[in-house]
Amino acid sequence: MDKKTKIDSRGKRVGMFVLKTIIYFGILMALIYLYEYSGLTSVHYIYNEF
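Residues numbered from 1 in each chain as written. Predicted model: local features only at pLDDT ≥ 70, side-chain atom pairs only at ≥ 80, totals over all residues. Heavy atoms only, no water.

With an unreviewed UniProt entry as reference, the protein chain is termed D-Ala-teichoic acid biosynthesis protein, source organism Lactobacillus helveticus CIRM-BIA 104.

The following block contains the structure:
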């Protein structure tokens, strides 16, 4: 029984690692998308008239 508990614990740790990796990857992709969408390299609104 102790061996099974240890295996479950290791599987749970691996699962949590994979889940956290996927979540962090998703957050990183969202931040990159928002950075590209904001258009920081484009001309600001105030300079459009000049």
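Turning to the UniProt feature "transmembrane region" (unreviewed entry) in the protein chain, a few remarks are in order. Mapped onto the present numbering, the UniProt feature "transmembrane region" (unreviewed entry) falls at residues 14-35. Span residues 14-35 is 100% helix and 0% strand, its end C-alpha atoms 31 Å apart. (UniProt positions renumbered as here; feature names shortened; annotations may be inferred. Helix = DSSP H or I, 4+ residues; strand = E, 2+ residues; numbered from the N terminus.)

Moving on to a nonpolar patch on the surface. A grouping of Met16, Leu19, Ile23, Tyr24, Ile27, Leu31, Tyr33, Leu34 and Tyr37 is seen on the molecular surface, where their side chains present a nonpolar patch of about 1000 Å² in accessible area. Relative to the helices and strands, Leu31 resides in helix H1 (residues 2-38). Note on Leu31: relative accessible area 51%, which makes it exposed. (Patch = residues over 30% accessible without salt bridge, like charges linked within 9 Å, V, L, I, M, F, W, Y side chains within 5 Å. Areas by Shrake-Rupley, 256 points an atom, 1.4 Å probe, with all protein chains shown as cover. Salt bridge = Lys/Arg side-chain N within 4 Å of Asp/Glu carboxyl O. Buried < 20%, exposed > 50% of the residue type's maximum accessible area, 1.4 Å probe, protein only.)

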